[in-house]
Amino acid sequence: MQYAAGIRRSISDDSFFLAQLDNAFDSSYAHLASAMRGFLHGWHHDCRKKAVVDKNRAWLHAIELLLHIEPEAKLVVCLRDLAQIYGSHRGAASTHHPGRFIDHLADFDRLGRADMLFAKDKAIGAPLVSLHAVPDLPKAAQDRLYF
């Protein structure tokens, strides 16, 4: 997911591509969508199954992009108790590396780490923002989501 979003961001900020959009929007946008589709299919080229499991939480945030490049995609969104999620983020990294926390959180106390993790652009907060936005998605996109 991060790669697809990165491609979209970098191309969207490219002055050459923006000029192409100005001159031939439909064909230039079709090229971009085709390239992203090719990247997605290439990334999963060795998958011989009917379904791909990609545990990246960011797909929900970009569901409309995903459905644009892969219209038949369905997204299963796993829901967990927030205390369990916080506990797993807080404890998993410290088990492997005592005194070290993910997202550079070692300098914070427990409340400070929770504040950082639940911030709207962080590991727990960003997926919550995406969940909160689901009712604002078009019905066609909502119909591709399973909780």
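Structure shown above.
In this report, we go over the structure that sits alongside the text. (Residues numbered from 1 in each chain as written. Predicted model: local features only at pLDDT ≥ 70, side-chain atom pairs only at ≥ 80, totals over all residues. Heavy atoms only, no water.)

**What about the layout of surface pockets?**
Of the volumes computed, that of the largest pocket is approximately 1,100 Å³. Residue lining of the largest pocket: 34 residues in total, with Asp54, Lys55, Asn56, Leu75 and Val76 positioned closest to the centre. Of all the secondary structure elements, the ones that give two or more residues to the lining of the largest pocket are helix H3 (25–43), helix H4 (58–61), strand S1 (75–76), helix H6 (82–96) and helix H8 (125–133). Broken down by element, the residue count for the lining of the largest pocket peaks at 4 residues, all from H6. Looking at the lining of the largest pocket residue by residue, the class counts come to 21 nonpolar, 5 polar and 8 charged. (1 Å grid on protein atoms, 1.4 Å probe; cavity = no way out; pocket = protein on both sides within 12 Å on 5 of 7 lines; lining within 4 Å. Points joined across faces, edges and corners; volume = space filled by probe spheres on them. Helix = DSSP H or I, 4+ residues; strand = E, 2+ residues; numbered from the N terminus. Nonpolar A, V, L, I, M, F, W, Y, C, P; charged D, E, K, R; others polar.)

**Brief notes about the packing of helix H2 (residues 15–23) against H3**
Remark: H2 packs on H3, axes separated minimally by 6 Å, with the N-to-C direction vectors making an angle of 135 degrees. On the basis of their axis angle, the class for H2 and H3 is oblique. The residues of H3 that touch H2, namely those facing Phe17, Gln20, Leu21 and Asn23, are Phe25, Ser28, Tyr29 and Leu32. Split by residue class, the contact of H2 with H3 holds 5 nonpolar, 3 polar and no charged. (Axes fitted to C-alpha atoms, helices over the stretch in contact; angles between N-to-C directions. Parallel < 35°, antiparallel > 145°, perpendicular 65-115°, else oblique. Contact = heavy atoms within 4.5 Å.)

**Focus on the side chain of serine 130**
For serine 130, the location among the structural elements is in helix H8. Beyond its immediate stretch of four places on either side in the chain, serine 130 contacts Leu60 and His61.

**Concerning the pattern of salt bridges**
Counting across every chain of the model gives 2 salt bridges. Here arginine 144 makes a salt bridge to glutamate 72, at a shortest N to O gap of 3.8 Å. Of this pair, arginine 144 sits in the loop between helix H9 (139–142) and strand S2 (145–146) while glutamate 72 sits in the loop between helix H5 (63–69) and S1, and the two are 72 residues apart along the sequence. Residue arginine 144 is classed as buried on the basis of its relative accessible area, which comes to 17%. Residue glutamate 72 is classed as exposed on the basis of its relative accessible area of 60%. The salt bridge involving aspartate 143 is made with lysine 139; its shortest N-O contact spans 2.7 Å. Judged by its relative accessible area of 40%, aspartate 143 falls in the partly exposed class. (Salt bridge = Lys/Arg side-chain N within 4 Å of Asp/Glu carboxyl O. Buried < 20%, exposed > 50% of the residue type's maximum accessible area, 1.4 Å probe, protein only.)

**Here's the deal with the nonpolar core**
Leu60, Ile63, Leu66, Leu75, Leu137 and Leu145 are the most contacted members of the largest nonpolar core, which has 20 residues in total. Looking at this core, the elements with two or more residues in it are H2, H3, H4 and H5. When residues of this core are assigned to their parent elements, the largest contribution, 5 residues, is made by H5. Look past the residues within four positions of leucine 137 in its chain and what remains in contact with it is Ile63, Glu64, Gln142 and Leu145. Ile85, Tyr86, Ala114 and Ala123 belong to the second-largest nonpolar core, a separate cluster that totals 7 residues. (Core = buried A, V, L, I, M, F, W, Y, C linked by side-chain atoms within 4.5 Å.)

Read these as layout, nothing more, since geometry by itself doesn't imply function.
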